Amino acid sequence: MRRVRRSMKESKLYQNKNNKTWADILFLEHPEYFLPVLESLIEEAKLEVDGLTKIFKDFNILPGDKIFDYSCGIGRHMIELAKRDYMVFGNDPSDFYIKRARKSADKELGDKKDNAVFYKGFINELSKKVFSKNKFDFKAIIIMFNSLGFTEEEEDVRILRHLYEIANPGSILIIQSENRDWTVMNTPNHYISNFDKMLINEIWDFNPVTSIAHSNSKFYEKDSINDCIHLRLELDIYLRMYSLHELITLLSKSGWTFVKGYKDIKSLESVSTNSQFMITISKKE
Ligand SMILES: C[S@@+](CC[C@H](N)C(=O)[O-])C[C@H]1O[C@@H](n2cnc3c(N)ncnc32)[C@H](O)[C@@H]1O
């Protein structure tokens, strides 16, 4: 009995007293504090899109084909894919990130602006309201940079199922996610990220019982006039970590057939236990 109670408590760690998850607080209430992280990775996304398009080519997915970006954030990958003539659609629950993505697309895409369409909302709402009513014929779906594992495993299965439902037979799903095997070997860890206007301090630990990586994260705003920093947000972040074989099980529970794994989206080297991220390619048969 005691054991059951403890595991229930652990499984709700990611939720605060008001039933808000850390992801609600960070991405929906204070998205501006994570924005510098996403902006600092815009150049990186261009190199990642080189890898993505190589995979697309292997599956005969070509410019002009439709791609869906789940939790697209500020559209780092979508805008680059749109520049390369793919027709990209993406969703994100953060109004702030979607507005930022649309603004960048207006600025950067010129006459290719219509190649990128951004939807504000969660995938469960959108799959009913938008994607089930129109036939989109997505050839590939991408999930980039830790956009799973925010809450329970069942929630990740639900998300993957929604994506399965909006995919056409033959289409592929590419997931980039942090590799549990690497996390186990590289925590505890302390990161300080220094951006123009913000400083982020993260102290990470890993719980092998729950397979949840936890960070006490502090977001500071820089005050150049008074030469000091102000603490704007302190947040406990909980990320559920999967090893490759666990992600394959989740994919299979959601209908997807695992095809191949890579170590890294840029190098497309074979999957290994010692890389921070892993890439899975799965197919809807
Ligand atoms: C780490 S960011 C990655 C964004 C984008 N894929 C990229 O590579 O730049 C995670 C994204 O997931 C979105 N997100 C997905 N599910 C969410 C949820 N349940 N609550 C809050 N944010 C969520 C956030 O708004 C955020 O844009």
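Residues numbered from 1 in each chain as written. Predicted model: local features only at pLDDT ≥ 70, side-chain atom pairs only at ≥ 80, totals over all residues. Heavy atoms only, no water.

A few points about the sheet that holds strand β3 (residues 116-120)
Note on sheets: strands pair through backbone hydrogen bonds, and any given pair is parallel or antiparallel. What counts is decided by this rule: Only strands that DSSP links by at least two bridges are regarded as paired with each other. Counting from the N terminus, the helices are DSSP H or I runs at least four residues long and the strands are E runs at least two residues long. In this description, a line fitted to the C-alpha atoms serves as the axis of each element, helices being fitted only across the stretch in contact, and the angle between N-to-C directions of two axes falls anywhere from 0 to 180 degrees. Here a residue-residue contact requires only that any non-hydrogen atoms of the pair lie within 4.5 Å.
Taken in spatial order, the seven strands of this open sheet run β3-β2-β1-β4-β5-β11-β10, and their pairing is mixed. Every interior strand has two partners, whereas the edge strands, β3 and β10 (257-262), have only one. The mean angle between the axes of side-by-side strands here comes to 20 degrees, regardless of whether they run parallel or antiparallel. As paired elements, strand β1 (residues 66-70) and strand β4 (residues 138-143) share five bridges and run parallel to each other. Across the sheet, Y70 pairs through a bridge with I143, a residue of β4. Against the sheet, helix α7 (residues 123-131) makes contact with β1, β2 (87-92), β3 and β4, and its axis sits at roughly 120 degrees relative to β3, the strand it touches most.

Remarks on the domain arrangement of the protein chain
The condition that has to hold: Segmentation of the chain into domains, including their bounds, is taken from an automatic or database domain assignment. We define buried area as the total accessible area lost by two parts upon association, computed with a 1.4 Å probe and summed across both. For salt bridges, the criterion is a side-chain nitrogen of Lys or Arg within 4 Å of an Asp or Glu carboxyl oxygen. Polar contact is the term for a pair of N or O atoms within 3.5 Å; when the atoms are in protein, one must be able to donate a hydrogen and the other to accept it, and sequence-neighboring residues count only if both atoms are side-chain atoms.
By domain assignment, the protein chain separates into domain 1 (41-179 + 243-283) and domain 2 (182-240). On a C-alpha basis, the centres of domain 1 and domain 2 stand 26 Å from each other. Counting residues at the interface gives 13 residues for domain 1, matched by five residues for domain 2. Here domain 1 meets domain 2 over a buried area of about 720 Å², counting both sides, of which 47% is carbon and sulfur. If you sort the residues of domain 1 by the area they bury against domain 2, G149, N179 and Q276 come out on top, with a joint share of 41%. The tally of links from domain 1 across to domain 2 stands at zero salt bridges. Inspection of the region where domain 1 meets domain 2 yields five residue pairs in polar contact (both at pLDDT 80 or more).

Let's talk about empty space enclosed by the protein
Rolled over the atoms, a probe sized like a water molecule indicates the empty space that remains. Inclusion rule: Two kinds of site are reported from a 1 Å grid over the protein atoms alone, namely cavities, where a 1.4 Å probe fits but cannot get out, and pockets, open sets with protein on both sides within 12 Å along at least five of seven lines, and residues are called lining when an atom falls within 4 Å of a point. Grid points are joined across faces, edges and corners, and a volume is the space filled by probe spheres set on the points. Residue polarity follows a fixed list, in which Ala, Val, Leu, Ile, Met, Phe, Trp, Tyr, Cys and Pro are nonpolar, Asp, Glu, Lys and Arg are charged, and the others, Gly among them, are polar.
Enumeration according to the criterion identifies one cavity of 30 Å³ or more in this entry. There is about 90 Å³ of room inside the largest cavity. If you go around the largest cavity, the residues you meet are N146, S147, L148, G149, S177, E178, L239, R240, M241, Y242, L247 and M278. Looking at the lining of the largest cavity, the elements with two or more residues in it are β5 (167-178) and β9 (228-240). Its residues assigned to classes, the lining of the largest cavity shows six nonpolar, four polar and two charged.

Examining the sheet that holds strand β6 (residues 189-194)
Sheet architecture is open: four strands sit in the order β6-β7-β8-β9, paired in antiparallel fashion. The sheet is open, and its two edges are formed by β6 and β9, each paired on a single side. Sheet twist, expressed as the mean angle between neighbouring strand axes with direction ignored, is 15 degrees. Both strand β7 (residues 198-207) and strand β8 (residues 212-223) contribute to a ladder of ten bridges, which runs antiparallel. Directly across from W204, in β8, lies its bridge partner S215. The strands touched by helix α2 (residues 22-29) are β8 and β9; relative to β9, the strand with the most contacts, the crossing angle is about 130 degrees.

What about the side chain of N168?
Our working rule: We call a residue buried when its accessible area falls under 20% of the maximum for its residue type, exposed when it is over 50%, and partly exposed in between, using a 1.4 Å probe and counting protein chains only.
With respect to the secondary-structure elements, N168 resides in strand β5. Exposure remark for N168: the relative accessible area of 18% places this residue in the buried category.

As for the layout of surface pockets
Roughly 320 Å³ of volume is contained in the second largest pocket. Surrounding the second largest pocket, 15 residues form its lining, I42, I79, R100, S104 and E108 being those nearest its centre. Where the lining of the second largest pocket is concerned, the elements lending two or more residues are α4 (42-58), α5 (76-83) and α6 (95-109). Broken down by element, the residue count for the lining of the second largest pocket peaks at seven residues, all from α6.

Considerations on the site of the ligand
Keep this limit in mind: We call a residue near a molecule or strand when any one of its heavy atoms sits within 4 Å of it. Only the protein chains shown count as cover for residues, and all accessible areas are computed by the Shrake-Rupley method using a 1.4 Å probe.
Surrounding the ligand, one finds 21 residues, the nearest of these being S71, R76, D92, M144 and F145. Interatomic distance of 2.7 Å between a backbone N/O atom of S71 and a nitrogen atom of the ligand. R76 has a polar side-chain atom sitting 2.7 Å from an oxygen atom of the ligand. Bound to the protein, the ligand loses 94% of the 590 Å² it would expose on its own. Among the secondary structure elements, those contributing two or more residues to the shell around the ligand are α2, α3 (31-40) and α5. Partitioning the shell around the ligand into residue classes produces twelve nonpolar, six polar and three charged.

Quick notes on the packing of α3 against α6
This is how the line gets drawn: Each angle is binned into one of four classes, with values under 35 degrees roughly parallel, values over 145 roughly antiparallel, values of 65 to 115 roughly perpendicular, and all other values oblique. When the near helix sits turned anticlockwise from the far one by under a right angle, the crossing is termed left-handed; a clockwise turn instead gives a right-handed crossing.
Axis separation between α3 and α6 bottoms out at 10 Å; the angle between their running directions is 40 degrees. Of the possible angle classes, the one that applies to α3 and α6 is oblique. In the packing of α3 onto α6, the handedness of the crossing is right-handed. Residues P31, E32, F34, L35, L38 and E39 of α3 lie in contact with α6, whose contacting residues are F96, Y97 and R100. Here the contact of α3 with α6 is built from residues that sort into six nonpolar, no polar and three charged.

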